[in-house]
Amino acid sequence: QVQLVESGGGLVQAGGSLRLSCAASGSIFSINAMGWYRQAPGKQRELVAAFSRGSSTNYADSVKGRFTISRDNAENTVYLQMNSLKPEDTAVYYCNADVRSAMVGPHLDYWGQGTQVTVSS
């Protein structure tokens, strides 16, 4: 079993910054992909930023130039630095990881519990 624990959400004024953290723990052999999604009320969950296999990164167009994803492989942790926040960034942010728990075995998808980010205008 794998656990993803997020932290760093909160309330911030427009133009402000927040940094989210997500630490993975448990039965981890390798992490193939890890990143952040968000879900605003009444909307579908969407990709914000993620590392895919290797070191490539993907960003939603709406956050390019404002958000930066980084990681600490030794700690199985990813971070999301969010700058120039806008009210439309308000959502629950979820950490996601694609994990293999043994050298031979399936990749399984795990989600964190979510952390609320609220940006006031």
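Before reading on, note that the structure itself is shown above.
Since the model is a prediction, treat every value here as computed from it, not as a measurement. (Residues numbered from 1 in each chain as written. Predicted model: local features only at pLDDT ≥ 70, side-chain atom pairs only at ≥ 80, totals over all residues. Heavy atoms only, no water.)

For the rest of this paragraph, the subject is the overall build of the protein. Along its length, the protein carries 0 helices and 11 strands. What you see in the protein, going N to C, is helices and strands ordered as β-β-β-β-β-β-β-β-β-β-β. For 121 residues, the compact-globule estimate of 2.2 N^0.38 gives 14 Å, and the protein sits close to it at 14 Å. C-alpha atoms of the protein, sized along the principal axes, occupy 50 × 25 × 25 Å. A total of 121 residues make up the protein; the buried ones form 38% of that total. Looking at the protein alone, contacts between residues at least 24 apart form 56% of all its contacts between residues at least 6 apart. In the form shown here, the protein has an accessible surface area of approximately 6400 Å², with 49% of it arising from carbon and sulfur atoms. For the protein, the centre of its 10 positive side-chain charges and the centre of its 9 negative side-chain charges are spaced 4 Å apart. (Helix = DSSP H or I, 4+ residues; strand = E, 2+ residues; numbered from the N terminus. Rg over C-alpha atoms; globule rule 2.2 N^0.38 Å. Buried < 20%, exposed > 50% of the residue type's maximum accessible area, 1.4 Å probe, protein only. Contact = heavy atoms within 4.5 Å. Areas by Shrake-Rupley, 256 points an atom, 1.4 Å probe, with all protein chains shown as cover. Lys, Arg positive; Asp, Glu negative; His and termini not counted. Charge placed at Lys NZ, Arg CZ, Asp CG, Glu CD.)

Let's shift gears to unusual backbone geometry. Here the phi dihedral of Asn76 falls at roughly 50°; this positive angle occurs in a residue that is not glycine. Note on placement: Asn76 falls in the loop between β7 (67-72) and β8 (77-82). Owing to a relative accessible area of 25%, Asn76 belongs among the partly exposed residues under this scheme. One non-glycine residue, Ser84, lies in positive phi territory at about 50°. With respect to the secondary-structure elements, Ser84 resides in the loop between β8 and β9 (91-100).

As a further point, take the pairing of β8. Taking burial as the measure, the 6 residues of β8 include 5 buried ones, the bulk of the element. Of the strand pairs in this sheet, strand β3 (residues 18-26) and β8 are connected by 6 bridges, and their pairing is antiparallel. By the bridge assignment for β8, Leu18 is matched with Met82. Inspection of the sheet shows β7 paired to β8 by 6 bridges, in the antiparallel sense. Bridge assignment links Phe67 to a residue of β8, and that residue is Met82. Here β7 hands over to β8 after 4 residues, with Asn76 in that stretch at a positive phi of 50°. (Pairing = 2+ DSSP bridges.)

Two elements, strand β1 (residues 2-7) and β3, share 6 bridges in a ladder whose sense is antiparallel. For Val2, the partnering residue across the bridge sits in β3 and is Gly26.

Positionally, Ala50 belongs in strand β5 (residues 46-51). Among the residues examined, Ala50 registers a relative accessible area of 11% and is labelled buried. In this structure, the C-alpha to C-alpha distance between Ala50 and Leu80, residues 30 residues apart in sequence, is 9.4 Å. Ignoring anything within four residues of it in the chain, the contact list for Ala50 reads Met34, Gly35, Ser56, Thr57, Asn58 and Ile69.

The description of two aromatic rings rests on the distance between their centres and on the angle between their planes. The final tally for this structure, using the stated rule, is 1 aromatic pair. Ring plane angle 70° and centroid distance 5.1 Å describe the contact between Tyr37 and Trp111, whose orientation is recorded as edge-to-face. With a gap of 74 residues between them, Tyr37 in strand β4 (residues 30-39) and Trp111 in strand β10 (residues 107-111) connect regions that are remote in the sequence. Residue Trp111 is classed as partly exposed on the basis of its relative accessible area, which comes to 36%. Against the face of Tyr79 rests Arg19, its NZ or CZ located 4.1 Å from the ring centre. (Phe/Tyr/Trp six-rings, centres within 6.5 Å; stacked < 30°, edge-to-face > 60°. Lys NZ or Arg CZ within 6 Å of the ring centre and 35° of its normal.)

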